[in-house]
Amino acid sequence: MRVLPPMARGYILCAVLAAAACVTPALTDSGTPWAAVVLLALLYLGCELVKVCPLLGGRVPEGIGSFFPVVLAAVFLLPPAAAALVALPGGFAGTVAERPARVRRVWHGAQQAMAAWAAGRVYGLLRGPAALGGGPSAGSGPPGWVADFPYVMLPAAAAAVVFCLVLAALDGGILATAERRPAATAWRGLLTLSLAPHCVHGLAGLMMAVMWRSPYGLPAALLVLLPMYISCWVFAQYHRERAAHRATIRALVQAVDIKDRYTRGHSERVGQASAMIARELGMADDRMEVVRIAGILHDVGKLGVPTRLLRKDGPLTPEERRIIELHPEYGHEMVRGIGFLGEARAAILHHHERVDGSGYPYGLTGEQIPVLARVVAVADAFDAMTSTRSYSRARPVPVALAELDRCAGAQFDPAMVRALTGAIGRHGWHPVVTSDEDLQVISAGAPAGAAGAAAPGPSALPGLPAQGSAPADGPGETAGPAGRARAAGAPARAALSVLPAQEAAPAGTEGPGKAAPPAGGTPPAEGPGRGADGAGAGG
């Protein structure tokens with residue numbers, strides 16, 4: 001179970017106390033319309049529980065959200081404290097996917113109660129109850145009564161916006177305290193992504209309140225929920241489509257891992273590092289997800305490269321080098337039909353470009369290289385340097401970051417390097433391990449004296465001493481006599497100058513990414529399929 005930081009616990013406790021203060025007036029006021037409160041609370045609770053326990057064995061679409069129209073209808077029909085009370089049961093019963101579940105349920109209940117109370121206050125200040133007609137309690141209005149349209153839509157819209165603002169503000173606070181996100185980025189994107197849906201929920205809640213106060217009463221109000229359920233079902237289909245895309249992406253990554261078993265898990269780790277860079281740069285959540293997917297799929301074009309070249313035992317010929325350098329274009333063609341990837345396609349195509357123009361496939365320079373491609377290039381090279389293989393040891397994280405910084409401005413975008421350095425300095429580097437084999441490799445590859453370096457944090461991975469890792473021409477290039485002795489592999493070195501270890505440079509070839517020899521100075525043995533990417537190879 002995830003342990004919450006003390007600051008997050010204090011933040012949640014304050015939210016619970018604030019929610020209690022919001023609902024207390026409803027519990028102590030003799031004029032609280034308990035019939036309406038109970039009906040709306042049970043309705044909201046039922047809307048949440050039906051997702052967990054579908055009736056008659058029916059399947060509720062995955063991704064169906066909270067029925068905020070019911071809470072907002074309570075905001076329009078009841079006093080603020082009573083509306084906050086309505087939000088509690090459904091908030092407690094909402095679906096929770098991650099642990100600690102109980103804490104998350106309490107948080108959701110308190111969060112929604114505070115949002116409902118604040119929305120109710122704004123609605124009252126704008127004379128919303130008078131525009132809607134009737135008293136604060138539920139019930140039918142007089143025969144022929146009509147709400148004051150269009151004015152009633154103004155306080156209703158303001159209440160929906162305030163409801164959204166409070167939820168977004170509280171969500172940003174919990175991200176900043178529980179996940180230690182920078183304050184400048186914790187709230188970024190929360191409001192813009194949720195404002196439109198909450199306004200739609202507010203409109204549905206207003207229609208529900210109008211029908212409730214009309215001569216038709218509660219049965220007519222309940223009919224408003226039917227189109228809302230249908231809209232949620234349509235939205236769930238969108239989520240299913242995205243899930244299908246994710247399954248396709250995972251299948252492609254597994255195919256690459258099977259083809260080049262020495263780099264298993266590399267794709268996920270590059271996606272992880274790419275997302276860290278994107279978050280540090282302050283990218284919105286939707287774009288950050290695209291960056292992560294671009295990192296995961298950056299090497300998918302290797303499926304189009306003959307396996308014999310990836311595992312060739314010997315230097316590459318110029319023709320073979322040209323074939324390997326086609327893999328970004330192969331990858332771009334493979335994913336071009338996946339519409340939601342957007343910018344990720346350009347990142348896959350250009351992640352081997354270098355800011356000095358010496359990369360491939362098009363030799364783009366500086367700002368000509370897409371932003372996401374520059375992000376993935378740094379993440380790719382970083383993982384190449386810090387990954388342990390059965391034939392080479394990982395470099396320590398500080399050494400890898402120093403190597404990236406050395407090559408910033410020539411091979412890498414300095415802003416991306418600074419972003420990765422800042423993100424790792426703040427959160428540490430905890431690489432994704434995708435199989436037991438990876439765990440065994442890391443365990444077997446750790447030097448005996450590196451116990452301290454294996455602790456979580458910036459130096460979480462054991463590796464080579466700093467003096468053995470200074471490359472000659474680019475990040476990850478082997479320095480020293482042992483590396484220069486293989487100068488005969490120059491053609492292959494040119495071919496793989498920007499390829500990561502995953503590009504599987506053949507035995508006997510040297511590339512910018514080749515790992516430096518261990519402390520004793522003896523280079524690790526190589527065999528077919530052993531990668532020559534390394535540090536800065538450019539991933």
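Structural data are supplied above this passage.
The structure contained in this document is the topic of the report that follows. (Residues numbered from 1 in each chain as written. Predicted model: local features only at pLDDT ≥ 70, side-chain atom pairs only at ≥ 80, totals over all residues. Heavy atoms only, no water.)

Here's the deal with the environment of Phe 382
Among the secondary structure elements, Phe 382 is positioned in helix α18 (residues 371-386). On a C-alpha basis, the gap between Phe 382 and Val 397 in space is 8.4 Å, while along the polypeptide they are 15 residues apart. (Helix = DSSP H or I, 4+ residues; strand = E, 2+ residues; numbered from the N terminus.)

Side note on the pattern of salt bridges
For the structure shown, the criterion picks out 13 salt bridges. In this structure, a network of salt bridges that share partners links the residues Glu 367, Arg 374 and Asp 413. (Salt bridge = Lys/Arg side-chain N within 4 Å of Asp/Glu carboxyl O.)

Quick look at the side chain of Thr 386
Tracing the backbone through its elements, the reader meets Thr 386 in helix α18. The exposure class of Thr 386 is buried, given its relative accessible area of 1%. (Buried < 20%, exposed > 50% of the residue type's maximum accessible area, 1.4 Å probe, protein only.)

Here we look at unusual backbone geometry
Across the junction of Phe 149 and Pro 150, the peptide omega takes the value 5°, indicating a cis bond. Relative to the helices and strands, Pro 150 resides in the loop between α6 (128-132) and α7 (153-178). For Arg 127, which is not a glycine, the phi torsion comes out positive at approximately 60°. Checked against the element boundaries, Arg 127 lands in the loop between α5 (101-125) and α6. In the Ramachandran plot, Arg 180 falls in the positive-phi region, its phi being about 55° despite a non-glycine side chain. In this structure, Arg 180 sits in the loop between α7 and α8 (183-186).

Examining the nonpolar core
Counting residues in hydrophobic clusters, the biggest one holds 61 residues, and the most contacted among them are Leu 40, Val 75, Phe 76, Leu 78, Leu 132, Phe 163 and Met 208. The leading source of residues in this core is helix α3 (residues 68-77), at 9 residues. Sequence-distant contacts of Phe 163, defined by excluding residues within four places in its chain, comprise Phe 68, Val 71, Leu 72, Gln 112, Ala 115, Ala 116, Ala 119 and His 198. One finds Ile 293, Ala 294, Ala 344 and Trp 429 within the second-largest nonpolar core, a separate group that totals 50 residues. (Core = buried A, V, L, I, M, F, W, Y, C linked by side-chain atoms within 4.5 Å. Contact = heavy atoms within 4.5 Å.)

These figures capture arrangement, not role.
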